[in-house]
Amino acid sequence: MGNTDTKLNFRKAIVQLTSKSQPIDASDDVFWEQFWIEHSTPVQDVFALIPSNEIRKVRDVMPTNLATLCYKATERLVRAVDNSCRTQGEQQTVINCVRLLNRILPYIFEDAEWKDFFWSSLPSGSDKDDNATPLAQSLLNAICDLLFCPDFTVVGLRKSGPEKAEELNSIDSCEYIWEAGVGFAQSPPRNGNMDSRRTELLKLLLTCFSETMYRVPTMSDEPNKWIVHFTSAENRHALPLFTSLLNTVCAYDPVGIGVPYNHLLFTDTLEPMVEVCLQILIVTLDHDITSNSPTQSASYSHDDTTIADNLFINYLSRIHRDDDFQFILKGVTRLLNNPLVQSYLPNSTKRLHCHQELLVFFWKICDYNKKFLYFVLKSSDVLDILVPILYHLNDSRADQSRVGLMHIGVFILLLLSGERNFGVRLNKPYTATVPMDIPVFTGTHADLLITVFHKIIATGHQRLQPLFDCLLTILVNVSPYLKTLSMVASIKLLHLLEAFSTPWFLYSAPSNHHLVFFLLEIFNNIIQYQFDGNSNLVYTIIRKRQVFHALANLPTDAAGIARCMSNRKGGKLNNSSHGGTRDGVRNEQNNEVLPSTANVGNESEEDITVRTGQLTLDDRQPSDEEDSRSEIVEESMEGSRPALPAEPGTLKVTLLDTPDITQMTERESAHPSGEATTPSPIEPNAKTPVGEADRASIGSPSKEQPSPIKRSVAQRGSIRVTPGAGHGSQAKIWQPTPEWVQSWRSKLPLQTIMRLLQVLVPQVEKICIDKGLTDESEILKFLQHGTLVGLLPVPHPILIRKYQANSGTTAWFRTYMWGVIYLRNVDPAIWYDTEVKLFEIQRV
């Protein structure tokens, strides 16, 4: 009964805020105190008892009452700090104020007229007090003090004598860091109640920072005053707070002692705190004010080791001990690999869902601390990051609500691939410990990378098309270091080339040929630098040699181009349009002398079909009439399940356009001392027509325009490339000209591959005829012991496309990060039903 009466009184007080004809006097403590005194209302009830429409009504009709409520709640928190929050009643009052402010703040942020409200001063009784502390600073200071309050949020360090009780205003919070790790060796005792209180205070901090969500994307890079103050020297708790947040995340072990189903028997108060710690870290580390404002950065006299006024970025960039790097890396990999852990008992281990925040956090560490990036890459530990990323990419490829996750995973791999050590580490053998819906293979992590990328391109959601350039750039970067590709991976690479070199696809958009240039560069790198160990790839190139001959003989006359473009409206792609037969294996006389790669399934028997507006490359099983080897079926890994589309009703947030690959990367020689080289023709210069097809929007802050191209539901195992997705009008008016085709066709880097075919094809065919071979193993042995030394063109310099920061990716990350935070905070749903402007919420 008592609890019911409390809720009733609380509800009446809320109603009175709008029902009174006159503003309620700020000195009426009896009225204001009933919002936070002598009751314990759960946070879910607070959100239910204060409907959004009533908050807006108070804000619009009785703004004075709402302002006074915020003033009084903040004042109450400040008073609790002054009293050191020692009593149980005072502690409950603090929690009630926190819950109330958490509910109200988003509705203040959504109204532009209230923009400066929190940066006004607390009423001090003196009109001449110009130095009074702004309300926002008072609130942030109080929250930070309360996060290190003995016997409330931290276990008190008991002292004897008259100094037993410490004053919260003067406490040394560095003694009360929450967890051992970076910069702190002691491991404080755990307390579930204190974890819960910290979580509520941290969620209020996150709500304060969320003012960014109520700005349009073009204004999102303006300094957020809340974060500026929190991460500045004005916050005396900045260092212990950063250390506490970092160590709490990296020390968390969701499995614990490994007792099955322990997460069902005991409430884990640490997981919610870890998640909000992670979210606050990525939000504060995103706020680099010097990179946003050139005028501001010019005013600072710091050296390169001090990054802006943001102390969180400063502290992160200055971590340098290997032990600290190992602690951070181990923590991140432990949490990233948690969803991948298999057990014989179903659902017996706890599963985390914060992998998106973890990926953003890992990105931020690598971005601000290059020593950490090099530490990650100097051992095989980087593969513990790679495997979960590939798992999430493969698992999310069909779900349009997880397009953002796909992008962050690819961006991280692009960053890593810019370093030589990453390509070298990929040669470590891969043992299938993670159930993925990809073909079973025996090989290295490089094979895993290629196979997953092929799966994404072949069967992924159509809105992943802007990532094709990124995926192939990653493969280009690592290709010079790949020592032994498996037959499966080799066939997948040729499969992609066969699809992207289809003439009508090459001619249907002004930048589609870039994909072919990337693939040819991959083959050239492997042939020139890793020929000895890649007999599988060389053999596959020989079997698919017609693809390369077709590329070298692409029609450049107007009639030939028109003929190719007309094929997109047909059914099957005829032989002449592709420069060869269906499977690309038989020679001009249709005499097949090479044995099939039957032992890897039916990957080499692809069938290319063309439908209106899209290229579809089906990995279907050939019929008995087509191929007697059709009994071999490609098997997926044990325990895998196919990627599924989003469930109906799933919410997603819109994202900014994906920056073009040329804006995200800069070309560097892998051997800086070498001679400068001429840029590859795949890098468009100022005169090159920039294609819009490869920049298809993956969403925007405004309403998405329906594509004029109707997309049929593609079958499983097909590559879908829809020219002009999101830019239909441009796709319609684009007309390839003979001059345009000739401008890039003449630059196709085919010399190395053609020379290889010229030398090896006659030798291989002679062996097959002389020995009557019916199995490719003998040919592979011949290729393994062969050499092309002195026969190939002079090796080209290795060029790496390193990721370079730019305003486009910075804005993209900010939108994605806040979208994740919006969707992940559902209990309570802090920002639900508020008018955010940074992105739109859509229902799949």
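These numbers come from a predicted model, not from an experiment.

(A) Structural context of the overall build of the chain. When its secondary structure is counted, the chain shows 36 helices and 8 strands. Out of the 844 residues in the chain, the part that is buried amounts to 58%. Of the accessible surface of the chain, which amounts to about 35,200 Å², a share of 51% is contributed by carbon and sulfur atoms.

(B) Region of the structure containing the side chain of Ser 490. Among the structural elements, Ser 490 can be located in helix H24 (residues 487–500). Judged by its relative accessible area of 0%, Ser 490 is buried. Residues contacting Ser 490, with those up to four places away along its chain left out, are Leu 485, Asn 536, Leu 537 and Thr 540.

(C) Region of the structure containing the nonpolar core. One finds Phe 35, Phe 118, Phe 209, Leu 413 and Leu 756 to be the most contacted residues of the largest nonpolar core, which totals 244 residues. In this view, Leu 756 contacts Ile 527, Phe 531, Val 538, Ile 541, Ile 542, Val 761, Leu 788 and Leu 792; residues no more than four positions away in its chain are not counted.

(D) Up close: unusual backbone geometry. Of note, the bond from Asp 827 into Pro 828 is cis; its omega dihedral lies within 30 degrees of zero at 0°. Here Pro 828 lies in the loop between helix H36 (807–824) and strand E8 (841–843). The phi torsion at Cys 85 lies on the positive side, around 50°, for a residue other than glycine. For Cys 85, the position within the fold is in the loop between helix H5 (63–82) and helix H6 (88–109). For Asp 833, which is not glycine, the phi torsion reads 70° and is therefore positive. Mapped onto the fold, Asp 833 is located in the loop between H36 and E8.

(E) Structural context of the environment of Phe 518. Turning to its location among the elements, Phe 518 is positioned in helix H26 (residues 513–530). What makes Phe 518 buried here is its relative accessible area of 3%. Residues Phe 518 and Leu 475, 43 residues apart in the sequence, show an inter-C-alpha distance of 8.5 Å.

(F) Looking closely at the environment of Val 403. Within the secondary structure, Val 403 sits in helix H20 (residues 403–417). Since its relative accessible area comes to 3%, Val 403 is described here as buried. A sequence separation of 58 residues divides Val 403 from His 461, and the C-alpha atoms of the two residues are 8.4 Å apart.

(G) Highlighting the packing of helix H22 (residues 445–459) against H24. Where H22 contacts H24, the axes come no closer than 9 Å and their chain directions differ by 35°. The handedness of the crossing between H22 and H24 comes out as left-handed. Counting all contacts with H22, which are made through Asp 447, Ile 450, Thr 451, His 454 and Ile 457, the residues of H24 involved are Val 488, Ala 489, Lys 492, Leu 493, His 495, Leu 496 and Phe 500. A class-by-class count of the residues in the contact of H22 with H24 yields 7 nonpolar, 3 polar and 2 charged.

(H) Molecular detail of the pattern of salt bridges. One pass over the full model with this rule turns up 30 salt bridges. In this structure, Glu 110 engages Arg 59 in a salt bridge whose closest nitrogen and oxygen atoms are separated by 2.9 Å. Here the residue Glu 110 occupies a position in the loop between H6 and helix H7 (135–146), and Arg 59 occupies one in helix H4 (residues 52–61), the gap between them amounting to 51 residues. Both residues of the pair, Glu 110 and Arg 59, count as buried. Lys 802 is the partner of Glu 419 in a salt bridge, and the nearest nitrogen-oxygen pair spans 3.0 Å. Of this pair, Glu 419 sits in the loop between H20 and helix H21 (420–425) while Lys 802 sits in strand E7 (residues 799–803), placing them 383 residues apart in sequence. The burial state of Glu 419 is the same as that of Lys 802; both residues are buried. Overlapping salt bridges bring together Arg 56, Arg 59, Asp 60, Glu 110 and Asp 111 as one network.

Rules and cut-offs
Residues numbered from 1 in each chain as written. Predicted model: local features only at pLDDT ≥ 70, side-chain atom pairs only at ≥ 80, totals over all residues. Heavy atoms only, no water. Helix = DSSP H or I, 4+ residues; strand = E, 2+ residues; numbered from the N terminus. Buried < 20%, exposed > 50% of the residue type's maximum accessible area, 1.4 Å probe, protein only. Areas by Shrake-Rupley, 256 points an atom, 1.4 Å probe, with all protein chains shown as cover. Contact = heavy atoms within 4.5 Å. Core = buried A, V, L, I, M, F, W, Y, C linked by side-chain atoms within 4.5 Å. Axes fitted to C-alpha atoms, helices over the stretch in contact; angles between N-to-C directions. Left-handed = near helix turned anticlockwise from the far one by under 90°. Nonpolar A, V, L, I, M, F, W, Y, C, P; charged D, E, K, R; others polar. Salt bridge = Lys/Arg side-chain N within 4 Å of Asp/Glu carboxyl O.

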